[in-house]
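Each chain, written out:
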Amino acid sequence: MTFENSWLFPVIESIHVTGLAAFVGTIVLGDLHTLGAIPKVGPLTRWTHAGLAVMLATGAAMFFSDTSRYLHNPAFHVKFAILLVALAAHFTLRRRGTRFTAILSLILWSSVVVAARAIADFDV
Amino acid sequence: MFNPVLEVARFLQDTSLRLELSQSTWTVPIIGAIHVLTIAWFGGSILVPNSQLRRFRWIGLAILLCTGFLLFWSQPLRLYYSQFFRAKVLLLVLISLCAFLPSRFARLGFWGSLVLWAGVILASRGIAYR
């Protein structure tokens, strides 16, 4: 039984999506607050970082379960490239808390999610 | 025996929209992407128990319901027979019941629905497989 065919893969994938809700969800809240769309809520950092840790761990597990699937998938290339930029921006630019960095953060993370969702559509 | 849910699924299955949705290359992936994107939008807002986020939360829920309904429309019979889809609907019903808990159970309702939402995501991913 390969890892891919067992019940483990869907379960890890689900935990990845749950991490997404916490990670990107709290980032969206922070960005929308910066843009003045919603009142200040928080503290959020704990949830953001917990979500990130969960996503990195489960993401790595899925990647290493079938490296060739991901390395040959164009959607994964796009996702990974934007992910690196988004992570870099998250820990540097976003700290400034300006309108520009908030919009940038929203666009980058949304693109990562959309590209990630597309991985399943671009399986060769 | 007359089964109203199955009848609705059969009716949707025979519509021309179902055919268009399931045959189009991009429609279902795009709706699916919006659906997942809204999970992020909605997920954050339920983690933070702040009543000022109510409108924000309802908008997320509305988008989830609309895109979810369209995704259901793209393959109604398959989903009707999917055990995972049934589990997901059951969990969603339980979550809506949490909203009617008396206010002294607010904490239980908050953590209960968080766990149930995690279950919804688990069941949803399962649908893709079975």
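Going along each chain's sequence as written, the residues are numbered from 1 onward. Working convention: letters from A go to chains and numbers from 1 go to ligands, in the order in which they are written. In keeping with the predicted nature of the model, local features appear solely for residues at pLDDT of at least 70, side-chain atom pairs appear and are counted solely at 80 or more, and the whole-chain, interface and lining totals rest on all residues.

With respect to the overall build of chain B
Starting at the N terminus, helices and strands are each numbered in turn, a helix being any DSSP run of H or I of at least four residues and a strand any DSSP run of E of at least two. A tally of regular secondary structure across chain B gives 7 helices and 0 strands. Starting at the N terminus and ending at the C terminus, chain B contains elements arranged as α-α-α-α-α-α-α. With C-beta atoms placed from the backbone, a residue is buried if 20 or more other C-beta atoms are within 10 Å of its own, exposed if 12 or fewer are, and partly exposed between those counts. Sorting the 130 residues of chain B into buried and exposed places 24% on the buried side. Whether two residues are in contact depends on their C-beta atoms, placed from the backbone: they are in contact if these lie within 7 Å. Within chain B, contacts between residues at least 6 apart in sequence are counted, and of these 69% link residues at least 24 apart.

Topic: the environment of B:Phe2
Within the secondary structure, B:Phe2 is located in the segment before helix H1 (4–13). Taking the C-alpha atoms as reference points, B:Phe2 and B:Ala87, separated by 85 residues in sequence, lie 22 Å from one another.

Here's the deal with the packing of helix H3 (residues 27–47) of chain B against helix H4 (residues 54–74) of chain B
All names here are of chain B. Here an axis means a line fitted to C-alpha atoms, over the contact stretch when the element is a helix, while the angle between two N-to-C directions is reported on a 0 to 180 degree scale. Where H3 contacts H4, the axes come no closer than 9 Å and their chain directions differ by 150°. Taken together, the axes of H3 and H4 are roughly antiparallel relative to one another. The element H3 and its partner H4 pack so that their crossing is left-handed. The segment H3 lies against H4, with Val 28, Ile 31, Gly 32, Ile 34, His 35, Thr 38, Trp 41, Phe 42, Ser 45 and Ile 46 engaging Phe 56, Arg 57, Gly 60, Leu 61, Ile 63, Leu 64, Thr 67, Gly 68, Leu 70, Leu 71 and Ser 74. In this count, Pro and Cys sit with the nonpolar residues alongside Ala, Val, Leu, Ile, Met, Phe, Trp and Tyr, while Asp, Glu, Lys and Arg are called charged and the others, Gly among them, polar. For the contact of H3 with H4, the per-class residue count stands at 12 nonpolar, 8 polar and 1 charged. Any angle that is under 35 degrees is reported as roughly parallel, and any over 145 degrees as roughly antiparallel; angles of 65 to 115 degrees are reported as roughly perpendicular and all others as oblique. Crossings are sorted by hand: turned counterclockwise from the far helix by less than a right angle, the near helix makes the crossing left-handed, and turned clockwise it makes it right-handed.

Quick look at helix H5 (residues 99–118) of chain A
Along its 20 residues, H5(A) runs 29 Å from first to last C-alpha, staying within 8% of the 28 Å computed at 1.5 Å per residue. The complete set of buried residues in H5(A) reads A:Ala102, A:Ser105, A:Leu108, A:Trp109, A:Val112, A:Val113, A:Val114, A:Ala115, A:Ala116 and A:Arg117. Its buried side turned inward, H5(A) meets helix H1 (8–34) and helix H4 (74–91) of chain A together with H3 of chain B. Under the convention used throughout, the expected extent of a helix is 1.5 Å for every residue step, that is, one less than its residue count.

Things to note about the interface of chain A and chain B
A common way to state how big an interface is: give the accessible area lost once the parts meet. Contacts between chain A and chain B engage 24 residues on the former and 23 residues on the latter. When contributions to the side of chain A that touches chain B are tallied by element, the ones reaching two or more residues are H1 and H5 of chain A. If you tally residues by element for the side of chain A that touches chain B, the top one is H1(A), at 13 residues. Its residues assigned to classes, the side of chain A that touches chain B comprises 16 nonpolar, 5 polar and 3 charged.

Things to note about the environment of B:Arg55
All names here are of chain B. If you trace the backbone, Arg 55 turns up in helix H4. According to the C-beta neighbour criterion, Arg 55 is exposed, with 10 such atoms within 10 Å. Sequence separation between Arg 55 and Leu 92 is 37 residues; the distance between their C-alpha atoms is 20 Å.

Considering H4(B)
Note: α-helices contain 3.6 residues per turn, so residues at a spacing of three or four share the same orientation. Residues and elements named next belong to chain B. Helix length check: H4 (21 residues) gives 30 Å between terminal C-alpha atoms against 30 Å at 1.5 Å per residue, within 8%. The set of residues buried in H4 consists of Phe 56, Gly 60, Trp 73 and Ser 74. End-on, the buried residues of H4 take up no more than an arc of 165°, which puts them together on one face. In H4, the exposed residues that point more than 90 degrees away from the buried face are Arg 54, Arg 55, Trp 58, Ala 62 and Phe 69. The elements touched by buried residues of H4 are H1, helix H2 (16–23), H3 and helix H5 (76–81). This arc is built from the directions going out from the helix axis to the C-beta atoms.

Section: the domain arrangement of chain B
Residues and elements named next belong to chain B. Just so you know, the domain bounds were taken from an automatic or database domain assignment. In terms of domains, chain B is made up of domain 1 (1–81) and domain 2 (82–130). Computed from C-alpha atoms alone, the centre-to-centre distance between domain 1 and domain 2 is 15 Å. With 5 residues of domain 1 at the contact, the number on the domain 2 side is 6 residues. Tallying contributions element by element places H5 first for the side of domain 1 that touches domain 2, with 3 residues.

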